[in-house]
Amino acid sequence: RGGRASMRASHAYALAALLASLFAAASADDECSGHGTYDSSSSKCACDDPTPAPGATGWVGDACEIETVGVATPTIAAPLVQSGTLEGGQWRCYFLAVDSGWNHLAVSLSHAEDDRGDPDVHGAFFDADARPSFPRTRTDGYDFREVSSASHAFVDVSVARADLDADAADAASLFLCAQAYGDVATTYELHAAFSKCPTSFALENLGSGDEHSVTISECSTASGGTTSEPAGTCDAASGACACAAYDDHTFQAPEDGGGDYFASSYYSERLGFGACAARIDFAFKKIANVQPGASRVASYANQTLLPGQWRFYELAVDAATDHQVVISLSRDPNAGAAEMYLRHETVPTNHWGHYDLPDDYVSGNEQTQELVITEGDGVFEFGTWYVGVFASAGRAATFDVDFAYYDCPRNCSDRGTCVVSNDGAERHCACDSDGNGNPYLKEDCSEEFSQWNEVASDAFEVNGTLSSSEYDYFALPSMDARESRRQIEVVLSASFTKEHAVYDWEEKPALLLKRGGRADFPSISNYTFKTTLERAGESYEIQLCASQFAGATWNAAVYNPGGVEPMAFAVSFTKRGVCPSATAEECSGHGTCRSENLADPNFATCACDDGWTASDCNFPSCPEGSYVALPPGADGGPGATCFRGCQGGKRRSSGCDAVVCAPPARAAASGSGSATSAPTRCVLDECERDFFKVDEDKGESCVVRCAADASDPHGPRRLQAACDPETVRSSAREIDDDEDDDEEEWAYDVFATIATIVVVVGVVVGV
């Protein structure tokens, strides 16, 4: 029994050891991505074939996760051309032997313009003895890199052997790695070549839609592509370019460095003079050759620069003749980006502090760019100036550039007269007036007031479009003395729209208003009133009352800030009546404001509702419980003085609430009222009492009543048309007057009484 137990334990141990070894092997395999062997003692992977021969594939990286492809040494005659697709975050490297006699290395990386990915390129020189480090997915261990392809479809890198440390310069091999930065997949095309003289790649437009080709040039002389002047030939022995002459003068690069730049080779290597890619054209010679009386303008049309190259122009500013110089660049929008810089006494670069103008950031994508130096502006200096234009994108730039010299600001734009002080120290423009009598604006008379479109009586509007850093100006109509005495509100409103969303951090457009003379135009730094247009599509207002607006001249402007896209705008100007009100509602909520027609004599006054009065319609027309007497006879019947009371702030428009009647009229209630109702009218009776009527022909008598009509029980009394049927009696005669009637009635009563007594006595005696 004991032997069997021991045997079972031994088997179990062996099985456990086998599983552990299998698990360890699997774990090591996972550590090295299945492309290497894990060394537990060093905790590192030994990757499979990290330096593959041309045509073979190996792996590098901390976890052997970077595929490495072996390629041949690239030259100008046979450059490296590799393309592929990378998932987000993925790397791929190319391993190649270095040309032992190289002086320069050119590398380019391109991807489709509609590709949402962001490919980057990194380079690391490798030597098994002196520099044995392999590429990693960290980006801080490389000798050079280019990571701006997110904003450019084509990027290039030029590496000078002289700029490297000794180990890198003498390394035998090179890793070129493409990386898909971020989480988005990307495609790429990688080019590279070693050369004796400065070499670069460029993206050439094939002239058919969006088709492009990558070309290579040495000393700016392209092999089958565009050659950038002055260009030159390579002296293989020295590794220097022999640049060709060009129209203005034999090429001569400025002295390197001079303490102004961080490396003595900056001019020749970085600006392209050493590669015959940069040149200096003498614009001052063209200006000097202008005929007397002609405009002093030097123009250079259809200038072409390959990506990463510069073109310079030399200017001369004379203290005796030059007041202002304006440099204008117009770029072909279908070509690459172009940036323009200006510097006094030496050529500029696009590094901060190495140019005097522009003041703001330049993207190079603007279709036009303008630099201006004017005497007294703080930048202007006499002497030599250089303008530099840089092709900053992955495509060749095509542009025109003009240099204009002026005695007064822009020669007053041919809209005014240049006025020079006696000593010649001051110059300014006296601007002419336009067809409406308004002066042209700004120091150079270049601006004018936009014309209002009258859309209604005293209502005007203007619609337009403004580019970045532009204004549009408006002369506001005046207000006459009659209007100034009215309750009139002047309203200036504006709105804008843009193609893209306006973000909170962006500077917003503004509506500006300035009081002064007609030539006093507002600006973003000089205004009387300002309102910011915070949101697109919404209207914003500046309101002035008549007392503010009258007796002064007002000018308005709409401003689109710099560094933003163009905007469409709408501006309106109206004069509207403002009626008094005791509440937030119009005319205190008890009337209507007459605000539409400025010619209306009652303009800017309230038309009060019934029952309300005062200028703001805030008071009832009558105090509660009060009465007002109408003229005698106006209402309430004959002889009536009618009184109308106030109920709910209103008086009745007809009828009376009380009356006083002049005799013989009497006060009476209304037709529908009760006998105890308050009298509200006066009536005049036609009779005072009933009439006893005798009809001798019929032998009848009756009483005709003196009473009001049944339809109007409180109305005037009059003799009714018919007898009271209850009073009809037989009668022999008609008593005509009241006294006879009384006597006969008394005699009749006595006679009837005696007769009655006789009858009664007779009956008693008989009994």
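Model, not experiment: these values are computed from the prediction.

Participant: I'd love a proper account of the overall build of the chain, names of residues and values included.
Facilitator: The helix and strand tally for the chain stands at seven helices and 51 strands. Taken across its 767 residues, the chain has 40% of its residues classed as buried. Taking the intrachain contacts of the chain between residues at least 6 apart in sequence as the baseline, contacts between residues at least 24 apart amount to 63%. Accessible surface, the chain: about 40,100 Å² in total, of which carbon and sulfur atoms supply 49%.

Participant: Could you give an account of the environment of Glu448, naming the residues involved and the relevant values?
Facilitator: Looking at where Glu448 falls in the secondary structure, it is placed in the loop between strand E27 (427–431) and strand E28 (453–456). For Glu448, a relative accessible area of 34% puts it in the partly exposed group. For the pair formed by Glu448 and Tyr473, sequence separation is 25 residues and the distance between their alpha carbons is 6.8 Å. Every residue in contact with Glu448, bar those within four places of it in the chain, is listed here: Arg415, Tyr440, Leu441 and Tyr473. Engagement of the side chain of Glu448 in a polar contact is seen with the side chain of Arg415, the distance being 3.2 Å.

Participant: Can you explain the sheet that holds strand E30 (residues 470–475)? Please cite residues and give values.
Facilitator: Sheet architecture is open: four strands sit in the order E30-E35-E32-E33, paired in antiparallel fashion. Each edge of the sheet is formed by a strand with only one pairing partner; in this case those strands are E30 and strand E33 (529–532). Adjacent strand axes in the sheet meet at a mean angle of 15°, parallel and antiparallel pairs treated alike. Inspection of the sheet shows strand E32 (residues 510–516) paired to strand E35 (residues 553–560) by seven bridges, in the antiparallel sense. For Arg515, the partnering residue across the bridge sits in E35 and is Trp554.

Participant: Summarise the side chain of Asp472; cite the residues concerned and give the values.
Facilitator: Here Asp472 lies in strand E30. The buried charged residue Asp472 lacks any salt bridge, with Lys442 as its nearest oppositely charged partner at 10 Å. Side-chain polar atoms of Asp472 contact the side chain of Ser450, separated by 2.6 Å. Residues contacting Asp472, with those up to four places away along its chain left out, are Ser450, Leu466, Ala556, Ala557, Val558 and Phe569.

Participant: Please give an account of the pairing of strand E17 (residues 240–243) that cites residues and values.
Facilitator: Judged from the four bridges that link them, strand E16 (residues 232–235) and E17 form a sheet pairing that is antiparallel. Bridging across to E17, Gly232 finds its partner in Cys243. Hairpin connection between E16 and E17: a loop of four residues separates the two successive antiparallel strands, and Gly239 in this loop has a positive phi of roughly 75°.

Participant: Give me the lowdown on the state of the cysteines, citing residues and values where you can.
Facilitator: One pass over the full model with this rule turns up 16 disulfides. In this model, Cys47 is linked to Cys64 through a disulfide, with the two sulfur atoms separated by 2.1 Å. Taking the torsion about the S-S bond as the criterion, the Cys47 to Cys64 disulfide, at about -95°, is left-handed. Separated by 17 residues along the polypeptide, Cys47 in strand E2 (residues 44–47) and Cys64 in the loop between strand E3 (57–60) and strand E4 (66–70) bring together distant segments of the chain. Assigned by exposure class, Cys47 and Cys64 land together as buried. Paired by a disulfide, Cys243 and Cys276 hold their sulfur atoms 1.9 Å apart. Residues Cys243 and Cys276 are joined by a disulfide whose S-S torsion is about -90°; by sign, that bridge is left-handed. Residue Cys243 is found in strand E17, and its partner Cys276 is found in the loop between helix H3 (266–270) and strand E18 (280–282); the two are separated by 33 residues along the sequence.

About the cut-offs
- Per chain, the residues get numbers from 1 upward, laid out in the order the sequence is written.
- Predicted model: local features are reported for residues with pLDDT of at least 70 only, side-chain atom pairs are reported and counted for 80 or more only, and whole-chain, interface and lining totals are derived from all residues.
- By convention in this description, side-chain values take in all heavy atoms of the structure and omit both hydrogens and water.
- Helix numbers and strand numbers start at the N terminus; a helix is a DSSP run of H or I with at least 4 residues, a strand a run of E with at least 2.
- Partly exposed residues are those whose accessible area sits between 20% and 50% of the maximum for their type, while under 20% is buried and over 50% is exposed, using a 1.4 Å probe and protein chains only.
- Throughout, a contact is declared for two residues whenever any of their heavy atoms are within 4.5 Å.
- For the area figures, the Shrake-Rupley method with a 1.4 Å probe applies, and any residue is considered shielded solely by the protein chains shown.
- Any N or O atom pair separated by 3.5 Å or less is treated as a polar contact, with the protein-specific requirement of one donor-capable and one acceptor-capable atom, and with residues adjacent in sequence counted only for side-chain atom pairs.
- By this definition, two strands are paired if DSSP reports at least two bridges between them.
- Think of each axis as a best-fit line through the C-alpha atoms, taken over the contacting stretch in the case of a helix, with angles from 0 to 180 degrees between the N-to-C directions.
- The convention is simple: Lys and Arg are positive, Asp and Glu are negative, and His and the chain ends are not counted.
- Any Lys or Arg side-chain nitrogen located within 4 Å of an Asp or Glu carboxyl oxygen qualifies as a salt bridge.
- The rule for a disulfide is simple: a pair of cysteine sulfur atoms within 2.5 Å.

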